[in-house]
Amino acid sequence: MTVLRYTVPPENEGCKLGLFLRMQGVTAGLIKSVKHDGSGFFADDAPLHTNQPVHAGQCISFALPPEHDTSVTPQPVPFSIAYEDEFAAVLNKPAGIAVHPTLNYPDGTLANGWLYHLQQEGCTGIFRPVNRIDKNTSGLVLCAQNAFAAPLLAASAHKCYLAIVQGAMPLGRGRVEAPIARRGDSIIGRCVREDGKYSLTEYQVLAVGRSHSLVACWLCTGRTHQIRVHMAYIGHPLAGDTLYGGSDAVIARHALHCAILHFAHPLTGKPIRVECPLPADMAALAETENLLDGWQLSSLPCGEDALT
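Residues numbered from 1 in each chain as written. Predicted model: local features only at pLDDT ≥ 70, side-chain atom pairs only at ≥ 80, totals over all residues. Heavy atoms only, no water.

Q: Looking at this structure, how should I read helix α4 (residues 149–156)?
A: Note on helix geometry: an α-helix contains 3.6 residues per turn, so any two residues three or four positions apart are oriented the same way. All of the buried residues along α4 are A149, A150, L153 and S156. Seen from one end, α4 has its buried residues packed into an arc of 145°, which puts them on one side. (Buried < 20%, exposed > 50% of the residue type's maximum accessible area, 1.4 Å probe, protein only. Helix = DSSP H or I, 4+ residues; strand = E, 2+ residues; numbered from the N terminus. Arc of directions from axis to C-beta.)

The structure is reproduced here in structure tokens:
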């Protein structure tokens, strides 16, 4: 059971408990859940209602309510844990595995694997991803361990992707600012179109090989297939991305990997950065194209400082 505690500072003297909690990042939904499904709120171990005032120096505490049961079936699915604590988990997802069950992929997903991991650890919980990546995109997925952490992680999370694109791009920084819309009647496909939603991708070309380039990408907006669509739009589709004009002659899936996640810890606010190197298939292509020299993953920015 996770218990959250806050000490009331002098400037919040006399503030109603409900407002004080909202100022600490506790959502209205969680406050309601603690009241009706949990054990309530306490000030120095004495029960306190949300319409009552708090006083400087008091320790406000409450236990997070138990999670509701999930319909996802635990299954052994390959993934690794890059970071884990009581509030956040960062999972390294291989390409070829969907993040969450859908009509097309009802099982064998990262969600099934996470529930299986919890079961093996003798724990219970639910799968609560803060960011999702495509089935054939590899790399880091940030998950909230409880309802308190979810909105705070979502608000602070930043990602850096590595993509191997076709063709030689000029080294250095660039940006693609082009609206993205659904492509025709396709459920999956997207395209750049004037009536689409505003979309902005910033990128840095890290290395250039004989026929491919390695590019770091930062999403300023979160459109479906944004990096894939934008790179194809400027004439450099991702290697393996047959949906957007790429060739699968050198790699069997689109060459996109979520390599860095940066977020603020929900409780302490401490910045946390998690890195994940290129997986074997992308690393093999990068090595063949001599794209691994001259840059380091640790030197790439990720967060507000990555955006120009």
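Q: Even after reading the chapter, I still don't get the nonpolar core, so can you show me in this structure?
A: Looking at soluble globular proteins, one finds that nonpolar side chains tend to be buried together. Among the nonpolar cores identified, the biggest contains 61 residues, and I60, F62 and F127 are the most heavily contacted of them. Excluding anything up to four places from it in sequence, F127 contacts L91, V99, H100, L110, A111, W114, L115 and C143. One finds A207, W218, A239 and I260 within the second-largest nonpolar core, a separate group that totals 22 residues. (Core = buried A, V, L, I, M, F, W, Y, C linked by side-chain atoms within 4.5 Å. Contact = heavy atoms within 4.5 Å.)

Q: What is the right way to look at the packing of aromatic side chains in this model?
A: Aromatic ring pairs are defined here through the distance separating the ring centres and the angle between the ring planes. All chains considered together, the criterion is met by three aromatic pairs. A centroid spacing of 5.2 Å and a plane angle of 65° characterise the contact between F41 and F62, whose relative ring orientation is edge-to-face. Placement of the pair is F41 in strand β2 (residues 41–43) and F62 in strand β4 (residues 59–63), with a sequence separation of 21 residues. According to the relative accessible area criterion, F62 is buried, its value standing at 1%. Pairing Y83 with F263 gives two aromatic rings, centres 6.0 Å apart and planes at 70°, and the pair type is edge-to-face. On the criterion of sequence distance, the pair formed by Y83 in strand β5 (residues 80–84) and F263 in strand β14 (residues 256–264) is long-range, its members being 180 residues apart. (Phe/Tyr/Trp six-rings, centres within 6.5 Å; stacked < 30°, edge-to-face > 60°.)

Q: How do you make sense of the environment of L278 when you look at a structure like this?
A: By secondary structure assignment, the location of L278 is in the loop between β15 (271–275) and α6 (280–288). Those residues within four positions of L278 in sequence are excluded, and the remaining contacts are L162, H257, A283, A286 and L292.

Q: I'm lost on a nonpolar patch on the surface in this one. Help?
A: On the surface, I187, I188 and L243 cluster together into a nonpolar patch covering about 310 Å² of accessible area. Considering the arrangement of structural elements, one finds I187 in the loop between β10 (180–182) and β11 (190–192). (Patch = residues over 30% accessible without salt bridge, like charges linked within 9 Å, V, L, I, M, F, W, Y side chains within 5 Å. Areas by Shrake-Rupley, 256 points an atom, 1.4 Å probe, with all protein chains shown as cover. Salt bridge = Lys/Arg side-chain N within 4 Å of Asp/Glu carboxyl O.)

Q: Please explain the state of the cysteines as it appears in this structure.
A: Counting across every chain of the model gives zero disulfides. C258 provides the cysteine sulfur closest to C143, a residue in no disulfide bond, and the two sulfurs are 12 Å apart. A disulfide-free cysteine, C276 has its sulfur positioned 8.3 Å from the sulfur of C258, the nearest such atom. (Disulfide = S-S within 2.5 Å.)

Q: What exactly am I supposed to notice about the sheet that holds β2 here?
A: In any sheet, the strands associate via hydrogen bonds between backbone groups, in a parallel or an antiparallel arrangement. Taken in spatial order, the four strands of this open sheet run β1-β4-β2-β3, and their pairing is antiparallel. Bordering the open sheet on either side are β1 (3–7) and β3 (46–48), each of which pairs with just one other strand. Averaged over neighbouring strand pairs, the angle between their axes works out to 30° when direction is ignored. In terms of strand pairing, β1 meets β4 through five bridges, oriented antiparallel. Looking across to β4, one finds that T7 is bridged to C59. (Pairing = 2+ DSSP bridges. Axes fitted to C-alpha atoms, helices over the stretch in contact; angles between N-to-C directions.)

Q: Sorry if this is basic, but what is going on with the layout of surface pockets here?
A: Think of a ball as big as a water molecule: rolled over the atoms, this probe shows where empty space is left. Here the largest pocket is characterised by a volume of approximately 1,400 Å³. Around the largest pocket, the lining is made up of 43 residues, and of these I133, D134, K135, T224 and H225 lie nearest the centre. Elements supplying a minimum of two residues to the lining of the largest pocket: β8 (158–166), β13 (212–219) and α5 (226–233). Residue composition of the lining of the largest pocket, by class: 18 nonpolar, 16 polar and nine charged. Taken together, 25 residues form the lining of the second largest pocket, with T2, P65, E67, Q145 and N146 sitting closest to its centre. (1 Å grid on protein atoms, 1.4 Å probe; cavity = no way out; pocket = protein on both sides within 12 Å on 5 of 7 lines; lining within 4 Å. Points joined across faces, edges and corners; volume = space filled by probe spheres on them. Nonpolar A, V, L, I, M, F, W, Y, C, P; charged D, E, K, R; others polar.)

Q: Would you mind going over the side chain of S199 with me for this structure?
A: With respect to the element layout, S199 can be found in the loop between β11 and β12 (200–208). In terms of polar contacts, S199 uses its side chain to reach the backbone carbonyl oxygen of K197, at 2.9 Å. Excluding anything up to four places from it in sequence, S199 contacts V176, E177, A178, P179, I180, T221, R223, Q226 and H230. (Polar contact = N/O pair within 3.5 Å; in protein donor to acceptor, adjacent residues only side chain to side chain.)

Worth remembering: the numbers are spatial, not functional.
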